[in-house]
Amino acid sequence: MEVSPSDDDTSHTSQQQCSSDNHRLYLVPFRWWKEAQGYCDPDGGTKKKRGVLYDALPASSSYVGPMKILNNIFKSDLAFNLVRKGEEDEQQQDDDNNDNDSSENNGGDDRDINGVSGRNYALVVADMWLQALKWHSDSKGTVKDGKSFLAAEDDMTDVYPLQLKLSILQETNTLGVRISKKDNAVECYRRACKIFSIESELLHIWDFSGQTTQFLLDEKNKNAKDSLRQSEQEILLELQVYGLSDLTRNKDMKKDEMTSHLVKTSSKMNGSTGNSICLRSNSAVSSGSYCEKGSLGLTGLQNLGNTCFMNSSLQCLAHTPKLVDYFLGDHRREINHDNPLGMNGEIALAFGDLLKTLWAPGATAVPPRTFKSKLAHFAPQFSGFNQHDSQELLAFLLDGLHEDLNRVKCKPYAEAKDGDGRPDEDIADEYWQNHLARNDSIIVDVCQGQYRSTLVCPICRKVSVTFDPFMYLSLPLPSTSMRTMTLTTVPTDGSAQPTQVTVTVPKHGKFEDLVRALRTMCSLGNDETLMVAEVYNNHIIRFLGEPTDSLSLIRDDDRLVAYNIQKDFEKFSRVVFVHQQIEKNLTSGKNKSSCKPFGLPLVACGEIAKGHDIRDLYFNVLKPLTIKAKSSSEDDNNTGTVPIEDEERNNVASPEDTSEASDTVNGNSRTDCEVQFYLTDDNGNVKGSEIVMDELLNSTELGGRLNILVCWSDKMLELYDQSLLTSPAEVYKPALFSKRPQESISLYKCLEAFLKEEPLGPEDMWYCPGCKKHRQASKKLDLWRLPEILVIHLKRFSYSRFLKNKLETFVDFPIHDLDLTTFVAYNNGRSSHRYMLYAISNHYGSMGGGHYTAFIRHDGDRWYDFDDSHVSPIDEDRIKTSAAYVLFYRRLEDI
């Protein structure tokens, strides 16, 4: 929880910052928390937590008309009040809910929790959240009371921050909550609008953290001391949202799939997304490390605040055999204080001291503060408490340890010589000896290998061979090259009903590939084109138009509509119609009206001068939605088999039928009382009053794009089928197809992809000494010399100019016998090159949020799960997951 005051009270700032380090708050689905509640006592006990119930109510209950409703959709702040209802014991909640567990739940959408209907969320501190997360991961299929609730959506495990502003309303025992669009990322604010929507359903928040009660108490005490302080002072708060990324996903994910997606993610994990996703606390996650008589090295590392990435890499290195022996011995005598590339030995000393502490008998969970301080000093990118990439930390640490422990005090200059037709073995040895002349340390002895790089000029066929050292192998993950996308196509001339179409496009293709596939699917004529738009909350939020835009920018949960339009549409006014339904209801004996947005927007083109031109365009594009047209096609279908062509024609009303249906209501001609039109801007804000049919429109408003809000009356529902305007489908939703299988690939296939010959990119042109020009040469890598400790980095994170993504591909890697004999170009006197796995750095989650752990082989063939402070045994058949990120192998001959 990030908290700070809005005034200049420095003492209050200090107090709140201290709270920030120890009491991060997480908002989670209540049912998810309830399932794990017996595990989540930080002290290891079974005492149930007491929760305070809050009801979420609108910040204002005043009348909201049709124009005001539209404006609220695009407002910059989301505001509501949390009204305290009472305090309940969670054990009592369980007892009251035993009879209600048969109802299915989705995300935070719990029904009848302790007699309280609606959506229910829980507010917990970081220790509670992380241990509940651990419980759900370890339960792996455990059924509770005959059933098991899971956060079953694909996005269920996203963790992302929301910036909130709280105001304490003492006189009403109420918390005012305001979420501003300018304080949050667009996607986070969009999700917040979904999570905290209170217009259609009740929302309840159970606070098990005790923080809201403390807020009210602290503010009351401050106000009592300072009569000038306002009671509605705003307090900044950063709330971590977990398990509520999309409340509409299906509920059928199996438990074993959930294990591999436990903290899926998303956010985008380039190592420093800025998102706060791990525990920021000085206390251990559990009561300590795993204790076993006679065992050393089973000591956890405390999470100092988003330091799980560091803990994961440190534990893997702390269990690397020769490094352990070296740093537990007299490593200080090899410290190189004169190396300008080193860190005066401080990193090596800090790492050595930490290693000795971890391997001390009877050690409890260690807070690596000294090492973290040294790391931040020499690598500012790892300072602070943001999440980072464990592989990036590992690369820096190995290089830093090497330079601090480099035995070479004065590095000689060595110039690489051309091969001149000499054997590769001689060239490789020369390169390796030149490397050792400048680099000689325990890290080089144990962790460094050598590969051969061959470049071939495509013009003169000049061949260049070099031999370079490596500390680890970064292997690509080959994945499926095609992608299935579903869109809704809508004609703009009223010739057919909206239709869903599914096309297959290259996963890393361009927007023009999507348009080409849609044109083929829809059989468009030469005079027709498509306008593709993204729809959210029944409004068009953007048009996709750049042919070279990457399709990777389109997410699976986006909703896209392709409007079929004439190519010469720019000659006419383009009108976008957005729909709202006027509803009347009796509240407290008063007749009140409200408007509810519905349906997908419609687009039409034509010449516009007066209001009735807009009306005619609208009713023309509505023709296929007339109830008479629908019933007519149903009657035809009941008479016998109808050809597809005839059926499509029956689904569209003829001009005569449409005119009869739409021009007459209860014997009267179509009038403006049945529908009202309002002009809006591109953001959906209503401009002026209702459009008058017989009046000329302002010339400045014509031309280009017109945005029109259409308010339907109840009479409109008698003429047009509202269900045909249903919101567009998601681009990809597993419920629409067979469940998307998890991609799986062997580690050997990743090695083949790494070593295959491929042309250099245009940005990596090679200067050919034969042509004397830069050429796009072909490059081929070969493994030449393998180290005793082989570190393999699986490139799960991909980056582009606009997007960051994580690959959830399951990599099937050998545990006992990784045989690289066929991949090594030079045997170097060895008959085989076989390795055994001894450590894994895992990353659970997406780019937008996640958590790092480590699996370590210890005491022979026994495996342990190092999850920050918590260390526990794990079966070997459970260590292969899609979370595997960095693999550590040791050569079999050395065991």
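Going by the structure above, here's the rest.
Residues numbered from 1 in each chain as written. Predicted model: local features only at pLDDT ≥ 70, side-chain atom pairs only at ≥ 80, totals over all residues. Heavy atoms only, no water.

**Q** Just give me the short version of the overall build of the protein, but keep the residues and values in it.
**A** When its secondary structure is counted, the protein shows 22 helices and 38 strands. A buried classification covers 53% of the 895 residues belonging to the protein. Accessible area for the protein stands at about 39000 Å²; split by element, carbon and sulfur atoms hold 48% of it. (Helix = DSSP H or I, 4+ residues; strand = E, 2+ residues; numbered from the N terminus. Buried < 20%, exposed > 50% of the residue type's maximum accessible area, 1.4 Å probe, protein only. Areas by Shrake-Rupley, 256 points an atom, 1.4 Å probe, with all protein chains shown as cover.)

**Q** Please set out the pattern of salt bridges residue by residue, giving values where relevant.
**A** Using the criterion set out here, one finds 24 salt bridges in the structure. The partner of Glu534 in a salt bridge is Arg542, and the shortest N-O contact between them spans 2.7 Å. Since its relative accessible area comes to 3%, Glu534 is described here as buried. Its relative accessible area of 35% is what places Arg542 among the partly exposed residues. Note that Glu752 is salt-bridged to Lys749, the shortest N-O span being 3.8 Å. You can see Glu752 and its partner Lys749 sitting in helix H22 (residues 747-755), 3 residues apart, about one turn around the helix. Relative accessible area serves as the criterion here: at 41%, Glu752 is assigned to the partly exposed category. Judged by its relative accessible area of 45%, Lys749 is partly exposed. If you follow the salt bridges from partner to partner, you end up with Glu334, Arg407, Asp440 and Asp445 in one network. (Salt bridge = Lys/Arg side-chain N within 4 Å of Asp/Glu carboxyl O.)

**Q** If you had to explain the sheet that holds strand S11 (residues 463-470) to someone new, which residues and values would you point to?
**A** Pairing in this open sheet of 4 strands is antiparallel, and the strands run S11-S10-S28-S25 from one edge to the other. Looking at the sheet topology across the chains shown, the edges are occupied by S11 and strand S25 (758-759). Two elements, S25 and strand S28 (residues 778-785), share 2 bridges in a ladder whose sense is antiparallel. Bridge pairing in S28 links Glu758 to Lys779. Across the sheet, helix H14 (residues 424-438) is in contact with strand S10 (449-456), S11 and S28; its angle to S11 comes to roughly 40°. (Pairing = 2+ DSSP bridges. Contact = heavy atoms within 4.5 Å. Axes fitted to C-alpha atoms, helices over the stretch in contact; angles between N-to-C directions.)

**Q** A description of the side chain of Asp613 should follow, citing residues and the corresponding values.
**A** As for its position among the elements, Asp613 is in helix H17 (residues 611-621). It turns out Asp613 is buried and unbridged, and the closest side chain with the opposite charge, Lys610, is 7.7 Å from it. With sequence-adjacent residues up to four places away left out, Asp613 is seen in contact with Glu607 and Ile608. (Lys, Arg positive; Asp, Glu negative; His and termini not counted.)

**Q** I'd love a proper account of the nonpolar core, names of residues and values included.
**A** Core analysis: the largest hydrophobic core is formed by 54 residues, its most contacted members being Phe351, Phe371 and Phe888. With near-sequence residues (within four places) excluded, Phe371 lies in contact with Met310, Leu314, Ile347, Ala350, Phe351, Leu354 and Leu397. In terms of nonpolar packing, the next biggest core, distinct from the first, is built from 50 residues, Ala122, Ala132, Leu166 and Phe215 among them. (Core = buried A, V, L, I, M, F, W, Y, C linked by side-chain atoms within 4.5 Å.)

**Q** Lay out the state of the cysteines in plain terms, naming residues and giving numbers.
**A** Put plainly, a disulfide is one covalent bond tying together the sulfur atoms of two cysteines. For the structure shown, the criterion picks out 0 disulfides. Here Cys457 is not disulfide-linked; the sulfur of Cys768 is the nearest cysteine sulfur, at 3.7 Å. Its relative accessible area of 0% is what places Cys457 among the buried residues. Of the residues examined, Cys768 reaches a relative accessible area of 0% and is grouped as buried. (Disulfide = S-S within 2.5 Å.)

**Q** Would you mind going over empty space enclosed by the protein in detail, with residue names and values included?
**A** Roughly 170 Å³ of volume is contained in the largest cavity. Taken together, the elements giving at least two residues each to the lining of the largest cavity come down to strand S2 (25-29), strand S4 (77-89), strand S6 (159-169), strand S7 (174-180), helix H7 (211-225) and strand S9 (234-242). Broken down by class, the residue content of the lining of the largest cavity amounts to 15 nonpolar, 1 polar and no charged. (1 Å grid on protein atoms, 1.4 Å probe; cavity = no way out; pocket = protein on both sides within 12 Å on 5 of 7 lines; lining within 4 Å. Points joined across faces, edges and corners; volume = space filled by probe spheres on them. Nonpolar A, V, L, I, M, F, W, Y, C, P; charged D, E, K, R; others polar.)

**Q** Lay out the sheet that holds strand S17 (residues 560-566) in plain terms, naming residues and giving numbers.
**A** Ordered by their spatial adjacency, 5 strands build an open sheet running S14-S13-S17-S15-S16, and the pairing between neighbours is mixed. If you trace the sheet from one side to the other, it starts and ends with strand S14 (499-506) and strand S16 (539-544), each paired once. The average angle at which neighbouring strand axes cross in this sheet is 40°, direction not considered. Bridge count between strand S13 (residues 482-491) and S17: 4 bridges; the pairing is parallel. When the bridges of S17 are listed, Pro491 appears paired with Asn564. Strand contacts of helix H16 (residues 511-522): S13, S14, strand S15 (528-536), S16 and S17, with the helix running at about 135° to S14, the strand carrying the most contacts.

**Q** Account for the environment of Lys567, with residues named and values stated.
**A** Its location among the elements puts Lys567 in the loop between S17 and strand S18 (573-587). Residue classification places Lys567 among the partly exposed residues on the basis of a relative accessible area of 48%. As for Lys567 and Leu530, which are separated by 37 residues in sequence, their C-alpha atoms are 8.5 Å apart. When sequence neighbours within four positions are dropped, the list of residues in contact with Lys567 reads Asn526, Asp527, Glu528 and Thr529. A polar contact of 3.0 Å, which involves the side chain of Lys567, links it to the backbone oxygen of Asn526. (Polar contact = N/O pair within 3.5 Å; in protein donor to acceptor, adjacent residues only side chain to side chain.)

**Q** Report on unusual backbone geometry, specifying residues and quantitative values.
**A** At Asn537, a residue that is not glycine, the phi angle is positive and equals roughly 55°. Here Asn537 is to be found in the loop between S15 and S16. Asn537 gets classed as partly exposed once you look at its relative accessible area, which sits at 40%. Positive phi outside glycine occurs at Asp868, with the angle close to 55°. With respect to the secondary-structure elements, Asp868 resides in the loop between strand S36 (862-867) and strand S37 (870-874).

**Q** I'd like to hear about helix H12 (residues 369-378), residue by residue, with values.
**A** Residues Phe371, Lys372 and Leu375 constitute the buried set of H12. Buried residues of H12 fall within an arc of 100° about the axis and therefore sit on the same side. Of the exposed residues in H12, those oriented more than 90 degrees away from the buried face are Thr370 and His377. The elements touched by buried residues of H12 are helix H9 (308-318), helix H11 (346-358) and helix H13 (390-404). (Arc of directions from axis to C-beta.)

**Q** Go over H14 with me, naming the residues and quoting the values.
**A** Look at H14: 22 Å from first C-alpha to last across 15 residues, which is about the 21 Å you get at 1.5 Å a residue. Along H14, the residues that are buried comprise Ile427, Ala428, Tyr431, Trp432 and His435. Relative to the axis of H14, the buried residues are bounded by an arc of 130° and lie together on one face. The secondary structure elements touched by the buried residues of H14 are S10, S11 and S28. (Expected span 1.5 Å × (residues − 1).)

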